[in-house]
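Listed below are the residues making up each chain.
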Amino acid sequence: DDKLLTEPLSHPDFFNVKELFSLKDLFDARVHLGHKKGCRHRFMEPYIFGCRLDHDIIDLDQTVQHLQLALNFTAHVAYRGGIILFVSRKRQFCHLIESTARACGEYAHTRFWQGGLLTNAHVQFGPGVRLPDLLIFLSTLNNVFEPHVAIRDAAKMNIPTVGVVDTNCNPCLITYPVPGNDDSPAAVELYCKLFRMTIIRAKDRRRQSEAVEELR
Amino acid sequence: TLRLIFTTTAVQRKNVGASGPEKYTEAFIKKQIEEFNLGKRHLANMMGEDPETFTQEDIDRAIAYLFPSGLFDKRARPMMKHPTEIFPEQRKIQWGEDGRPFHFLFYTGKQSYYSLMHDTYEKLLNVQKHQDQLIAQDLPLQREKRNLAGSRWLTKIELEEMLLEKVSDDDYSRFIQLLQKLVALPCAEIEEKYIQKFSKEVPAQLQKVVIEPLQYDERGVAFSTGEGKRKTASATAIVYDNGTGKITVNGIDILHYFPVLQDREQLLFPFQFLGRIGKHDMVCTVSGGGRSAQAGAIRLASAKALRSFVTEKEVEFMRQAGLLTVDPRVKERKKPGQEGPRRKFTWKKR
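What counts and how
Residues numbered from 1 in each chain as written. Chains lettered and ligands numbered in written order. Predicted model: local features only at pLDDT ≥ 70, side-chain atom pairs only at ≥ 80, totals over all residues. Heavy atoms only, no water. Helix = DSSP H or I, 4+ residues; strand = E, 2+ residues; numbered from the N terminus. Buried < 20%, exposed > 50% of the residue type's maximum accessible area, 1.4 Å probe, protein only. Contact = heavy atoms within 4.5 Å. Areas by Shrake-Rupley, 256 points an atom, 1.4 Å probe, with all protein chains shown as cover. Expected span 1.5 Å × (residues − 1). Arc of directions from axis to C-beta. Buried area = accessible area lost by both parts, 1.4 Å probe. Salt bridge = Lys/Arg side-chain N within 4 Å of Asp/Glu carboxyl O. Pairing = 2+ DSSP bridges. Axes fitted to C-alpha atoms, helices over the stretch in contact; angles between N-to-C directions. Core = buried A, V, L, I, M, F, W, Y, C linked by side-chain atoms within 4.5 Å. Parallel < 35°, antiparallel > 145°, perpendicular 65-115°, else oblique. Left-handed = near helix turned anticlockwise from the far one by under 90°. Nonpolar A, V, L, I, M, F, W, Y, C, P; charged D, E, K, R; others polar.

Colleague: Describe the overall build of chain A, naming the residues involved and giving the relevant values.
Modeller: Helices and strands together make up the secondary structure of chain A, namely 7 helices and 8 strands. Counting only residues that meet the buried cut, chain A has 52% of its 216 residues in that class. If you take every contact in chain A between residues at least 6 apart in sequence, the share linking residues at least 24 apart comes to 67%. Carbon and sulfur atoms provide 54% of the accessible area of chain A, an area that totals close to 10,100 Å².

Structure, rendered in structure tokens:
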């Protein structure tokens, strides 16, 4: 059992997430498109490749690296049977994200975030609740263009976060930010597909390893 | 177990009341059901009856015999019922042994409501897809109008019962708006079964007042009956056709029964209104109330009886004149601290 948990940590890319996507896929899904120059957040400047006719372009090389780290992390969390919560406050993609979460066997929260969900969970849900072990933000802003409360709450509760940060978002409190577009349907569908494939892959790998261990 | 976060000792104190009513696990309920069945057999044995055919009524009788109680409230007396009736149907604990919740929307707080919204939206998308396919194949879209007049949506309370959790007014109105949007699409017939889960039949609305047809007695004279009430008096009137205008109350002529002109005017008003003063005979019985109340009751009874003799338009005129409405005024009750219903005690300055 100990070997099951320590073995993946020795490899840099145990689940081979690099092969799931390429720079061209990101470009085709319009992940590099940011908002206009006026909406730019100061802390996103290192991730921005340039500005053309007032439109910000996100540097896809950095995105590729960040995305690989993020996918690798989610794969490890899923391998160890952690609870993953997909969060987004974009109404367009609410249904898509909930279906993705259902397909993976994980959880989603694309609705109004009640204040004490993470910080007051034992009162809201009942004693003995297990909090999520990873939050994945497919859009870090809420409907009034302010940072989502869950980022701050996850940081308070020591829960790691993976988030797709657009040019108007604050990447500060997110553990694995992924600079990229969060508004286009093509981009969000690509992210959903990638997360779904990593989580399913990690879970299958876990079941295979457990079966192999039992045979011995 | 609590996560290590920066708190004070005051916050770490358990808030016992805030966690809501006690939640029962499925295993607990199952154990209770087994114990109940065993106890039922023991009880049947004790009473000398057959354990196989021991019904709930037999159990109640046996318990009432073995544990007699003089308490007034039936719910306080000892009872032995099936656990599903005792433990209220509520959410059992929502997560498994490893801590992972069962429902994928558990962390939203209102899982059944949001899953309902999710499913309804999925049906909406299906209908839109179907519509797009039909348009792509250039087929005409079906335009059958659903009968909206005979059905209503579920009320908020019924929805709460269905979902087993509280639904706020905003949430309820959003759900109804989504359903209406779904129904408004042309190809909504595909999801008819799903929509029927949330709509209810409204029973027949206004009961149209049936005017009874004329009856004929042995002499061949047409007559009809009517009943009326006013304050505490109730009256029945039988109006005969081809009459001379004779009116009898409890076997006594109205001149003797109602000496006051005002009461006789009340009696004659329906006939005067229809212009049929000398044409009908009337026999009435009346009981209860006082002089004026009896007069009003007979007036209403005779007006109701006259409906059968008269056209529908004249019935409508009678109704608008107020001849067919029951007078709802009754004696108002006396309140404490006052001398009568409205009169207060005399106010003395000192």
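Colleague: Kindly report on helix H7 (residues 169–184) of chain B, identifying the contributing residues and their values.
Modeller: Residues that lie three or four places apart on an α-helix share one face, since the helix turns once every 3.6 residues. Residues and elements named next belong to chain B. In a regular helix each residue adds 1.5 Å, so 16 residues correspond to 22 Å; H7 covers 22 Å between its end C-alpha atoms and thus fits that length. Where H7 is concerned, the buried positions are Asp-171, Tyr-172, Phe-175, Ile-176, Leu-178, Leu-179, Leu-182 and Val-183. Looking down the long axis of H7, one finds its buried residues gathered within 155° of arc, a one-sided arrangement. The outward face of H7, more than 90 degrees from its buried face, is lined by the exposed residues Asp-169, Asp-170, Lys-181 and Ala-184. Buried positions along H7 lie against helix H5 (111–136), strand E1 (151–153), helix H6 (156–163) and helix H8 (192–196).

Colleague: Tell me about the interface of chain A and chain B, and please be specific about residues and values.
Modeller: In this complex, chain A contributes 34 residues to the contact, which on the side of chain B involves 29 residues. Approximately 2,700 Å² of surface area, both sides summed, lies buried where chain A meets chain B, with 56% of it carried by carbon and sulfur atoms. It is His-95, Tyr-107 and Phe-125 of chain A that lose the most area in chain A upon contact with chain B, and together they represent 25% of the buried surface on that side. Summed over the shared surface of chain A and chain B, the number is 3 salt bridges.

Colleague: Could you give an account of the environment of Pro-177 of chain A, with specific residues and numbers?
Modeller: Residues and elements named next belong to chain A. You can see Pro-177 is positioned in strand E8 (residues 176–179). Note: C-alpha distance between Pro-177 and Phe-137 (40 residues apart in sequence) is 9.2 Å. Beyond its immediate sequence surroundings of up to four residues, Pro-177 is in contact with Tyr-47, His-66, Gly-163, Val-165 and Pro-171.

Colleague: Summarise the sheet that holds strand E5 (residues 233–240) of chain B; cite the residues concerned and give the values.
Modeller: Residue and element names in this part refer to chain B. A sheet is described by the order of its strands in space; here 6 strands give the open sequence E3-E4-E5-E8-E6-E7, paired in mixed fashion. Where the open sheet ends on each side, the last strands, each with one partner, are strand E3 (215–216) and strand E7 (252–253). Two elements, E3 and strand E4 (residues 222–230), share 2 bridges in a ladder whose sense is antiparallel. The residue of E4 that forms the bridge with Gln-215 is Phe-223. Seen against the sheet, helix H11 (residues 291–306) touches E4, E5, strand E6 (247–249) and strand E8 (281–287) and runs at an angle of roughly 140° to E4.

Colleague: Break down unusual backbone geometry for me, citing the residues and quoting the values.
Modeller: Residues other than glycine seldom take positive phi values, yet Arg-30 of chain A does so here, at roughly 60°. Residue position: Arg-30 of chain A is located in the loop between helix H2 (23–28) and strand E1 (33–36). Judged by its relative accessible area of 44%, Arg-30 of chain A is partly exposed. Phi is positive for Lys-231 of chain B, close to 55°, though the residue is something other than glycine. Within the element layout of this structure, Lys-231 of chain B appears in the loop between E4 and E5. Looking at Lys-231 of chain B, the relative accessible area reads 54%, which means it is exposed.

Colleague: Outline the nonpolar core, listing residues and values.
Modeller: Among the nonpolar cores identified, the biggest contains 40 residues, and Phe-21, Leu-26, Val-31, Ile-84 and Phe-86 of chain A are the most heavily contacted of them. Only helix H3 (60–79), strand E4 (84–87), helix H4 (94–104), strand E6 (134–137), strand E7 (161–165) and helix H7 (185–215) of chain A provide two or more residues apiece to this core. Ignoring any residue separated from it by four or fewer positions in sequence, one finds Leu-26 of chain A in contact with Phe-21, Val-31, Leu-60, Thr-63, Val-64, Leu-67 and Leu-190 of chain A. Counting 29 residues, the second-largest nonpolar core is a separate cluster that includes Ile-247, Leu-267, Ala-297 and Val-315 of chain B.

Colleague: Just give me the short version of the packing of H5 of chain B against H7 of chain B, but keep the residues and values in it.
Modeller: All names here are of chain B. H7 packs onto H5 with a crossing angle of 15° between their chain directions and a minimal axis gap of 10 Å. The orientation of H5 with respect to H7, classified from their angle, is roughly parallel. Considering how the two elements wind past one another, H5 and H7 form a crossing that is left-handed. Residues Tyr-113, Leu-116, Met-117, Thr-120, Tyr-121, Lys-123, Leu-124 and Val-127 of H5 pack against Asp-171, Arg-174, Phe-175, Leu-178, Leu-179, Lys-181 and Leu-182 of H7. Within the contact of H5 with H7, the residues separate by chemical class into 10 nonpolar, 1 polar and 4 charged.

Colleague: Which residues make up helix H2 (residues 26–47) of chain B, and what are the values?
Modeller: Residue and element names in this part refer to chain B. In a regular helix each residue adds 1.5 Å, so 22 residues correspond to 32 Å; H2 covers 32 Å between its end C-alpha atoms and thus fits that length. Of the positions making up H2, those classed as buried are Ile-29, Gln-32, Phe-36, Leu-43 and Ala-44. Looking straight down H2, one finds its buried side chains confined to an arc of 105°; they lie on one side. Away from the buried face of H2 by more than 90 degrees, exposed residues Ala-27, Lys-30, Glu-34, Leu-38, His-42 and Asn-45 are located.

Colleague: Please give an account of the pairing of E8 of chain B that cites residues and values.
Modeller: Residue and element names in this part refer to chain B. Side chains of E8 alternate between two faces, with Met-282, Cys-284 and Val-286 buried and Asp-281, Val-283, Thr-285 and Ser-287 left unburied. Relative to E8, E5 is paired through 7 bridges, and the arrangement is antiparallel. Across the sheet, Ala-235 pairs through a bridge with Val-286, a residue of E8. Where E6 and E8 come together, 3 bridges link them in parallel fashion. Along E8, the bridge assignment pairs Val-249 with Cys-284.

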